[in-house]
Amino acid sequence: MNDRAAPRPPMRTCVGCRARASRFDLLRVVAVENGTGPETAVVLTPDRRARLPGRGAYLHLDLRCLDLAERRRVFRRALRLPGPFDMSVLRQWVEQQVAVDRGTGGGD
Ligand SMILES: [Zn+2]
């Protein structure tokens, strides 16, 4: 094994299972404001390319981790959300990715 100065990927903690992992193995999640004024909704949005500004929370691409994060309400704390937020986009996205990974996402 070569153990020379290979740069290690930055480590992040999954907000679901609390395990540490390379940030490249975790999905970055950000809160995006959708709409304006009193109609503004905060939508948790997957940010796979880590390009969206703002605070990010990191999560395994795993529904169990998403469930844990939801049950513990960690997104509110991790992303400092002042009010209600919508997880449906994120959940749908993760479900889709998990289905693709299992090769069961083909039928439409
Ligand atoms: Zn996890």
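Refer to the preceding data block for the structure.
Criteria and cut-off values
Residue positions within a chain follow its written sequence, with the count starting from 1. Reporting in this predicted model follows two pLDDT cut-offs: at least 70 for local features of residues, and 80 or more for side-chain atom pairs to be given and counted; totals over whole chains, interfaces and linings ignore these cut-offs and use all residues. Runs of H or I in DSSP of at least four residues are treated as helices and runs of E of at least two as strands, each being numbered from the N terminus. Any residue with 12 or fewer other C-beta atoms within 10 Å of its own C-beta is exposed, any with 20 or more is buried, and the rest are partly exposed; the C-beta atoms used are placed from the backbone. Think of the arc as the fan of directions from the helix axis to the C-beta atoms. Two residues qualify as being in contact provided that their C-beta atoms, derived from the backbone, are within 7 Å of each other. Residue count minus one, scaled by 1.5 Å, sets the expected span of a helix. For the purposes of this analysis, a nonpolar core is taken to be any set of buried Ala, Val, Leu, Ile, Met, Phe, Trp, Tyr and Cys residues that are connected through C-beta atoms within 7 Å.

A. Region of interest: unusual backbone geometry. The phi dihedral of Arg18 is positive, around 70°, even though this residue is not glycine. Note that Arg18 resides in the loop between strand S1 (11–13) and strand S2 (20–22). Under the C-beta neighbour-count criterion, Arg18 is labelled exposed, with 12 such atoms within 10 Å. One non-glycine residue, Arg73, lies in the positive phi region at around 55°. Along the polypeptide, Arg73 turns up in the loop between helix H1 (63–71) and helix H2 (74–78). The exposure class of Arg73 is exposed, given the 10 C-beta atoms found within 10 Å.

B. A look at H1. Among the residues making up H1, those that are buried are Cys65, Leu66 and Ala69. Relative to the axis of H1, the buried residues are bounded by an arc of 100° and lie together on one face. Looking at H1, the residues exposed on the side facing more than 90 degrees away from the buried face are Arg64, Asp67 and Arg71. Of the surrounding secondary structure, the elements contacted by the buried residues of H1 are strand S5 (57–60), H2 and helix H3 (88–102).

C. Local environment of H3. The terminal C-alpha atoms of H3, which comprises 15 residues, lie 21 Å apart, in line with the 21 Å expected from a rise of 1.5 Å per residue. Directly beyond the C-terminal end of H3, a positive phi value near 70° is found at Gly103.

D. A look at the nonpolar core. Ranked by size, the top nonpolar core spans 16 residues in total, and within it Cys14, Val15, Val29, Ala57, Tyr58, Leu59 and Ala69 carry the most contacts. Of all elements in the fold, only strand S3 (26–34), S5, H1 and H3 reach the threshold of two or more residues within this core. A total of 4 residues in this core trace back to one element, the largest contributor, which is S3. In contact with Leu59, not counting residues within four places along its chain, are Cys14, Val15, Gly16, Leu26, Leu27, Val29, Cys65, Leu66 and Ala69.

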